[in-house]
Amino acid sequence: QVHLVESGGGLVQAGGSLRLSCAASGSIFSIDYMGWHRQAPGKQRELVAMIPNSGSTNYANSVKGRFTISRDNAKNTVYLQMNSLKPEDTAVYYCAAVRRDYSFTYWGQGTQVTVSS
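Along each chain, numbering runs from 1 in the same order as the chain's sequence is written. In view of the model being predicted, local features appear only for residues whose pLDDT reaches at least 70, and side-chain atom pairs are presented and counted only at 80 or more, with totals across whole chains, interfaces and linings using the full set of residues. Only hydrogens and water are removed before side-chain values are computed, so all heavy atoms of the structure are retained for them.

## Details of unusual backbone geometry
Despite not being glycine, Asn76 has its phi angle at roughly 50°, a positive value. Per the convention used, a helix needs a DSSP run of H or I reaching at least four residues, while a strand needs a run of E reaching at least two, with both numbered from the N terminus. Along the chain, Asn76 falls in the loop between strand S7 (67-72) and strand S8 (77-82).

## Concerning the pattern of salt bridges
Whenever Lys or Arg places a side-chain nitrogen within 4 Å of a carboxyl oxygen from Asp or Glu, that contact is recorded as a salt bridge. Under the defined criterion, the tally for this structure stands at four salt bridges. Measuring nitrogen to oxygen at the nearest pair gives 2.7 Å for the salt bridge that ties Arg38 to Glu46. Buried means the residue's accessible area, taken with a 1.4 Å probe over protein chains only, is under 20% of the maximum for its type, while exposed means over 50%, and partly exposed covers the values in between. On the basis of relative accessibility, which here comes to 6%, the residue Arg38 falls in the buried class. In the salt-bridge network here, residues are joined through shared partners; they are Arg38, Glu46, Arg66 and Asp89.

Nothing here speaks to function; it is geometry throughout.
Structure (C-alpha cells):
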C-alpha cells in the first residue's frame, strides 16, 4: 500500500506561480511513475505531468513550457512547479503513483488550485 499526501495548493492571480508537493509513504519500492492529474468542475480528470523512476517526463500539451515536474527519490516526494498560471488551470490537483507492473494507481486526496483572472 502507498499513501500520498499533497500540499501547496491555493489561490493565485493569473500569471502567478505555485509549487505542489506530494510525499509518498508505504511500499515505495513498488512504484515507478509518480505525477499529477487534475479535475476541473464538470470535466474529466486529466493528466498534467508524470515522471518515472528513471527516464523522460511526460506533460500535457496545455502545460508544456509553464509547468515543471521533478522528483526527489531520497525524500519519496514529487513536485510540480507551476508558472504563468491561467484561470483554466483552476482544478483539484491529484497526486498519482503507478505500480511498477502498471496494475494499479494510487491517488492522493487532492489539493485545490484556483487561478483568478
